[in-house]
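Listed here are the chains, written in short residue letters.
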Amino acid sequence: MFDDWARRMIKKHPKATVLHIGCGLDSRCLRVNLSETRWFDYAYSDVIAIRKKYYKETDYYSMKNLDASNEEELYSLPDAESVIVVLEGISMYLTNEQMAQLFRILSEKYNDVHILMDVYTEFGVKASKYKNPVNDVGVTMLYGIDSVIPLLKGTRLTFEAEHSFTPDHLVNELTGFEKWFFKFMFTGKMYRKIYRLFELQTK
């Protein structure tokens, strides 16, 4: 979903700069056809140090250190008129106040902002305490969001749409039990109790 969305946004806004905040070791920068799109991957310094062993920077692609909870560092994001922001797997590590700060700064810095972000719900965070891969790397606190709208207060960002992490056209390629299982577990009301996918944009 994130890759398809990024491709669509780049095609629709070819002069926009892509900010992938919390990129980890993700290879989206290679999977999405960049052409001449400016793309910045952001993560903690130790993660970026590892990335640089496997990825090469170019005139259009850069890897930068960033603590997304740090106000000063957020203001150092690159100048641009329009940005496409990927926030995958990061919101659950930031408090609601820190997420609101991120939205506010993006809204202040850029005239045109397009965001796709995933979140755990409050229920999803509670459920994750019993079984979640992040528990194995020492993460002790996660944060949930049931509604993103209160976090947009005081910004120019608005809620645009909610998406399914598993689009119908992909589920429909499955058959039999697999199709039923994916529909039950990863789409609709069942999945939305745990995990949500929000698209935001400036007014």
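In what follows, the structure referred to is the one given above.
How each quantity is defined
Residues numbered from 1 in each chain as written. Predicted model: local features only at pLDDT ≥ 70, side-chain atom pairs only at ≥ 80, totals over all residues. Heavy atoms only, no water. Pairing = 2+ DSSP bridges. Helix = DSSP H or I, 4+ residues; strand = E, 2+ residues; numbered from the N terminus. Axes fitted to C-alpha atoms, helices over the stretch in contact; angles between N-to-C directions. Contact = heavy atoms within 4.5 Å. Expected span 1.5 Å × (residues − 1). Buried < 20%, exposed > 50% of the residue type's maximum accessible area, 1.4 Å probe, protein only. Phe/Tyr/Trp six-rings, centres within 6.5 Å; stacked < 30°, edge-to-face > 60°. Polar contact = N/O pair within 3.5 Å; in protein donor to acceptor, adjacent residues only side chain to side chain.

A. A look at the sheet that holds strand β5 (residues 112-120). Reading across from one edge, β3-β2-β1-β4-β5-β7-β6 is the order of the 7 strands in this open sheet, with mixed pairing throughout. Only two strands of the sheet have a single partner each, and these edge strands are β3 (61-65) and β6 (157-163). The sheet shows a mean angle of 20° between the axes of neighbouring strands, direction not considered. One ladder, built from 5 bridges, connects strand β2 (residues 39-43) with β3; its direction is parallel. Bridged to Ala 43 within β3 is Asn 65. The strands touched by helix α5 (residues 96-109) within the sheet are β1 (17-21), β4 (82-87), β5, β6 and β7 (195-202), with β5 carrying the most contacts at an inclination of about 165°.

B. A look at α5. For α5, which comprises 14 residues, the first-to-last C-alpha distance of 20 Å matches the rise-based estimate of 20 Å (1.5 Å per residue) to within 8%. Taken as a whole, α5 has its buried residues at Met 99, Gln 101, Leu 102, Phe 103, Ile 105, Leu 106 and Ser 107. Where α5 is buried, its residues touch β1, α4 (71-75), β4, β5, β6 and β7.

C. Focus on the packing of aromatic side chains. Enumeration according to the criterion identifies 3 aromatic pairs in this entry. Measuring from ring centre to ring centre gives 6.1 Å for Phe 40 and Tyr 42, while their planes differ by 20°; the resulting arrangement is stacked. Judged by relative accessible area, Phe 40 falls into the buried class, the value being 9%. By relative accessible area, Tyr 42 is classed as buried at 5%. Here the aromatic rings of Phe 159 and Phe 198 are separated by 5.9 Å at their centres, their planes lie at 75°, and the arrangement is edge-to-face. Within this pair, whereas Phe 159 is found in strand β6, its partner Phe 198 is found in strand β7, the two being separated by 39 residues in sequence. On the basis of relative accessibility, which here comes to 35%, the residue Phe 159 falls in the partly exposed class.

D. Structural context of the side chain of Gln 101. Mapping Gln 101 onto the fold places it in helix α5. A relative accessible area of 16% places Gln 101 in the buried class. In terms of polar contacts, Gln 101 uses its side chain to reach the backbone carbonyl oxygen of Ser 69, at 3.2 Å. Beyond its immediate chain neighbours, meaning those up to four positions away, Gln 101 contacts Ser 69, Asn 70, Glu 71 and Leu 74.

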